[in-house]
Amino acid sequence: MVDLEKAPPARSPEGEPVPRADGEGCLVVAVRLPVRIVALVLVLPVRMAWDALVVAGRFLRDTVLRPVGRALAWLGRALFVWPLVGLWRYVVVPVAKGVGWLGNVLLVVPAVWVYRWVLTPVGRALAWCCAGVGAVLTALGRGLYAGLAWLARYLVVVPAGWLYAWVLTPIGHLLAWCGRGLARCGRGVLWCLGKVVTGIGAVLYWTVRILLVLPALAVWRWVLAPVGRALAVVGRELLDALGHAWRIAGHLSRAVGRALAALFRWTVAEPARWVYRSVLTPVGHAVRDTVLRPLADAACAAGRAGRQALRSARLSVRQARADLRRTLFGEPERPPSVDRREPSGAKARTLGSSTTALTKD
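It should be emphasised that the depicted structure is a prediction, and the values quoted were computed from it without experimental measurement.

## Observations concerning the overall build of the protein chain
Point 1. Looking only at helices and strands, the protein chain has 2 helices and 0 strands in total.
Point 2. By residue count, 6% of the 361 residues in the protein chain fall in the buried class.
Point 3. The long-range share in the protein chain, meaning contacts at least 24 apart out of those at least 6 apart in sequence, stands at 67%.
Point 4. Only carbon and sulfur atoms are counted for the fraction: they give 73% of the accessible area of the protein chain, which is about 30900 Å².

## Topic: the pattern of salt bridges
Point 1. The tally for this structure, following the rule as stated, stands at 6 salt bridges.
Point 2. Two residues, D62 and R66, come together in a salt bridge whose shortest N-O distance is 3.8 Å. Residue D62 and its partner R66 are located together in helix 1 (residues 26–329), separated by 4 residues, close to a single helical turn.
Point 3. Look at D62 and you get partly exposed, because its relative accessible area is 39%.
Point 4. Using a relative accessible area of 39% as the deciding quantity, one classes R66 as partly exposed.

## Side note on the packing of aromatic side chains
Point 1. Here the structure, examined in full by the defined rule, presents 3 aromatic pairs.
Point 2. With a centroid separation of 6.2 Å and 85° between ring planes, the pair formed by W74 and W82 is classed as edge-to-face.
Point 3. Assessed through its relative accessible area of 48%, W74 is described here as partly exposed.
Point 4. Taking relative accessible area as the criterion, W82 reaches 45% and is therefore assigned partly exposed.

## Things to note about a positive patch on the surface
Point 1. Positive charge collects at one region of the surface, where R304, R307, R311, R314, R318, R321 and R325 lie side by side.
Point 2. Examined against the element boundaries, R314 turns out to sit in helix 1.
Point 3. Judged by its relative accessible area of 48%, R314 is partly exposed.

## Quick look at the side chain of D51
Point 1. Mapping D51 onto the fold places it in helix 1.
Point 2. Take D51: its relative accessible area is 18%, and that puts it in the buried class.
Point 3. One polar contact links D51 to S253, side chain to side chain, over a distance of 2.4 Å.
Point 4. Those residues in contact with D51, other than ones at most four positions away along the chain, are G250 and S253.

## Concerning the confidence of the model for the protein chain
Point 1. Across the protein chain, the average pLDDT comes to 82, with 83% of residues at or above 70.
Point 2. Ignoring residues within four places in sequence, the model shows residues 1–9, a span with pLDDT below 50, making 7 contacts including any to other chains.
Point 3. Across residues 12–23, confidence stays below pLDDT 50; counting only partners more than four residues off in sequence or on other chains, it has 8 contacts.

Calculation rules
Sequence order as written defines residue numbering, which begins from 1 separately in each chain. Where local features are concerned, this predicted model is filtered to residues with pLDDT of at least 70; where side-chain atom pairs are given and counted, the filter is 80 or more; whole-chain, interface and lining totals use all residues. Side-chain figures throughout are based on the complete set of non-hydrogen atoms in the structure, without hydrogens or water. Elements are defined by DSSP. Helices are runs of H or I of four residues or more, strands are runs of E of two residues or more, and each kind is numbered from the N terminus. Only protein chains enter the accessibility calculation, which uses a 1.4 Å probe; a residue is then buried when its area is under 20% of its type maximum, exposed when over 50%, and partly exposed in between. Whether two residues are in contact is decided by their heavy atoms, any of which lying within 4.5 Å being enough. Here, Shrake-Rupley sampling with a 1.4 Å probe gives the accessible areas, and only protein chains in the shown set may cover a residue. Think of a salt bridge as a Lys or Arg side-chain nitrogen and an Asp or Glu carboxyl oxygen that are within 4 Å of each other. Ring pairs are drawn from Phe, Tyr and Trp, using the six-membered ring of Trp, whenever the two centres fall within 6.5 Å, and their geometry is named by plane angle: stacked under 30 degrees, edge-to-face over 60, tilted for the rest. For patches, a residue must show more than 30% relative accessible area and have no salt bridge; joins then use 9 Å for like charges and 5 Å for nonpolar side chains, namely Val, Leu, Ile, Met, Phe, Trp and Tyr. Counting rule for charge: Lys and Arg are taken as positive, Asp and Glu as negative, and neither His nor the chain ends is counted. Every charge is mapped onto a representative atom, which is NZ of Lys, CZ of Arg, CG of Asp or CD of Glu. Any pair of N or O atoms that falls within 3.5 Å is considered a polar contact. Within protein, one atom must be able to donate a hydrogen and the other to accept it, and sequence-neighbouring residues count only if both atoms are side-chain atoms. Residue-level confidence of the predictor is what pLDDT reports, using numbers from 0 through 100.

And the structure:
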């Protein structure tokens, strides 16, 4: 909200006004209120249009886009997902299992048998032969290495050591002494060049400092920095004014929206609900009780009568077909019934034999 009342300035214990901590002057405070009012006037239509677009977007999302999205999702599942799942489950997986079983029977089992009973013995035999050949070659290699090492020692190493000790070392010492002398001369030349370069650099440094750096520093300190501070204050005030205007416009837009919603409710929704509850519902109940329900009962009764007539016709046709079959082919022979119950005499004999066996025991 816009603070329309100006806060009283703070004062020290002696009664003198104390400057504000944020460094704002009276000009900034005087310009702030008109700027915020102008920003509110400019931002209010934008905020109300934004809120109207948000409400329309939410209504469109809830009433159109979400049902359409759900329908498209169900259609996508019905057209793509379910056929692919059925194809994978009932075609690809059984075919893959069959191919795997055939591969196991036709490739893996013969390959394992060949590896176990053919390649493994052949490999062991070859390994034994290679071990013997390797032992022979190792012995020959050790002898050849010893001979070559003795020849290399007395034909290469000993002459090379003598050449290094009596020829290359004196030459190297001589070259090192010459190099140290040249290095001393080079250091003197470099020291002279360094002094010359240092003097030239100092002259160039002070020239650039006087001609470029000091004027640029003065322009920055006395022109650009004050202008930048002023622009920063203006930008901060504009941003604060836009923020306050956006929040106030939101409150006003919410109030206008609530008023429009209340107007729509009391002018359209409540009369429509009253008409539905007080007029359409009783009329619908009356139509249901006086017209639809008797029609439904009559339709059910007609359906039951039709089903009974069809059942009677079906039984008549079946009886006529049975009579025709008996007339043409006679009565079918029935298998004699077998009485599975044991006769009383056999049961008495069984009881007598079991009693005799128990008495003997």
